[in-house]
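Residue-level listing of the chains:
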Protein chains: 2
Amino acid sequence: MRRRSEMLTDVELEFMVALWEIGKGSVRDVMAAVTGETKRAYTSVATVLKILEDKGYARSERQDRSLIYSPVVQRADYEGRSLKNLSDSLFGGTPTALVARLVDNEDLTDEMIQEIKEIIDTRIRKDDG
Amino acid sequence: MRRRSEMLTDVELEFMVALWEIGKGSVRDVMAAVTGETKRAYTSVATVLKILEDKGYARSERQDRSLIYSPVVQRADYEGRSLKNLSDSLFGGTPTALVARLVDNEDLTDEMIQEIKEIIDTRIRKDDG
DNA sequence: ATTCATGTACTAAAACCGTAGTAGATATAT
DNA sequence: ATATATCTACTACGGTTTTAGTACATGAAT
């Protein structure tokens, strides 16, 4: 009795990212915009797009014979939802723990760290008014 | 021909978190340590623990009649792996975009932001020497 | 009009996920 | 020794996920 998750599966996310990138497009457009290396049949893409529509992540409108898909859920929304999900499931619901682990990564360059610092500082300044 | 993902599923993660918390324990111990609200049968927990062992996330040793499970993968490792996964799949592989979205969240309190800032600053100081 | 190309809808198959029952082994209690 | 409790191993079931084939409609080309 599994219930379909409100989060996207790997392939759904891959296609949704493509859809966010192009803004809107046909099955063929989305298929072309997917950056992953695994080839998929046209009908596979069509099926997943329909699933995305069923899940409420996208909608479609007919144009000539084709369906033109466009996102319903904003990418920023989903990004936030994903972070909340990860934070809750693995970091005890504390985003600070998440950041701590992130900057713990040695692969992060000095530039990246500096950039992150600026993001935080900017946010703090914004709070102050 | 899907290949089982190297990432954990929701329930696997829930149990693995419990195992990380207690360090090691029997099926019953893990079951007791799970914080989620959904009740699960003893055998369900046992099955998932075995899957975790199959996936290489945990190992078991016999003690009397019971199996005592313990983590193989460190929590910090998995946390990092999860962040990389999320960053790659949704944030174009740029952790800075991830942080930007994180601090974009209005639910974050000033204290949290400040704490995050300190984490970053500490990391920068450590880099300097 | 017949053929060809293209598009969606339907269907399916194989693996996976989540859950848990059943079987069988074994220790404990009476 | 027999009953009871507990534990693991095996199995199964219903739904999801991923992939794609087939059927059918429709517009374009000859």
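Scroll up to find the structure.
Bringing the relation of the copies chain B and chain A into the picture now. Between chain B and chain A, the superposition needs a rotation of 180 degrees and an axial shift of 0.0 Å, giving an RMSD of 0.1 Å. Overall, the copies show the geometry of a two-fold rotation axis. Minimal C-alpha separation from the rotation axis in chain B is found for Lys117(B), amounting to 3.5 Å. Of all interface residues in chain B, 100% are interface residues in chain A too; the two copies therefore contact each other through one and the same surface.

Before going further, it helps to examine the packing of helix H5 (residues 95-103) of chain A against helix H6 (residues 110-128) of chain B. Where H5(A) meets H6(B), the closest approach of the two axes is 9 Å, and the angle between their N-to-C directions is 15 degrees. Relative to H6(B), the element H5(A) lies roughly parallel. Our pair here, H5(A) against H6(B), has a crossing hand that is right-handed. Every residue of H6(B) that contacts H5(A) at Pro95(A), Thr96(A), Val99(A), Ala100(A) and Val103(A) is listed here: Met112(B), Glu115(B), Ile116(B), Ile119(B), Ile120(B) and Arg123(B). Partitioning the contact of H5(A) with H6(B) into residue classes produces eight nonpolar, one polar and two charged.

So, on to the pattern of salt bridges. Here the structure, examined in full by the defined rule, presents 20 salt bridges over all chains. For Glu12(A), the salt bridge identified is with Lys55(A), shortest N-O distance 2.8 Å. Linking Glu12(A) in helix H1 (residues 10-22) with Lys55(A) in the loop between helix H3 (42-54) and strand S1 (58-63), this pair joins segments that are 43 residues apart in sequence. Its relative accessible area of 22% is what places Lys55(A) among the partly exposed residues. Connected via shared salt-bridge partners are Glu21(A), Arg75(A), Glu79(A), Arg101(B) and Asp104(B).

Once that is clear, we can look at H5(A). Residue pairs three or four apart in sequence face the same way in an α-helix, which turns once every 3.6 residues. Pro95(A), Thr96(A), Leu98(A), Val99(A), Leu102(A) and Val103(A) are the residues of H5(A) that are buried. Within H5(A), the buried residues cover an arc of 155 degrees as seen down the axis, which keeps them to one side. On its buried side, H5(A) packs onto helix H4 (75-90) and helix H6 (110-128) of chain A together with helix H4 (75-90), helix H5 (95-103) and H6 of chain B.

Close to DNA strand C lie 22 residues, the nearest being Arg28(A), Tyr42(A), Lys50(A), Thr9(B) and Thr47(B). Each atom of DNA strand C within 4 Å of the protein was classed as base or backbone; sugar and phosphate made up 73%. Between DNA strand C and Leu67(A) there is a distance of 2.9 Å, counted from a phosphate oxygen to a backbone nitrogen or oxygen. Within the side chain of Ser44(B), a nitrogen or oxygen atom sits 3.3 Å from a phosphate oxygen of DNA strand C. Within the residue set of the surface near DNA strand C, elements represented by two or more residues are helix H2 (27-33), H3 and strand S2 (66-71) of chain A together with helix H1 (10-22) and helix H3 (42-54) of chain B. Counted by class, the surface near DNA strand C contains six nonpolar, six polar and 10 charged residues.

Conventions adopted
Residues numbered from 1 in each chain as written. Chains lettered and ligands numbered in written order. Predicted model: local features only at pLDDT ≥ 70, side-chain atom pairs only at ≥ 80, totals over all residues. Heavy atoms only, no water. Least-squares fit on C-alpha atoms with pLDDT ≥ 70 in both. Contact = heavy atoms within 4.5 Å. Axes fitted to C-alpha atoms, helices over the stretch in contact; angles between N-to-C directions. Helix = DSSP H or I, 4+ residues; strand = E, 2+ residues; numbered from the N terminus. Parallel < 35°, antiparallel > 145°, perpendicular 65-115°, else oblique. Left-handed = near helix turned anticlockwise from the far one by under 90°. Nonpolar A, V, L, I, M, F, W, Y, C, P; charged D, E, K, R; others polar. Salt bridge = Lys/Arg side-chain N within 4 Å of Asp/Glu carboxyl O. Buried < 20%, exposed > 50% of the residue type's maximum accessible area, 1.4 Å probe, protein only. Arc of directions from axis to C-beta. Near = heavy atom within 4 Å. Polar contact = N/O pair within 3.5 Å; in protein donor to acceptor, adjacent residues only side chain to side chain.

Nothing here speaks to function; it is geometry throughout.
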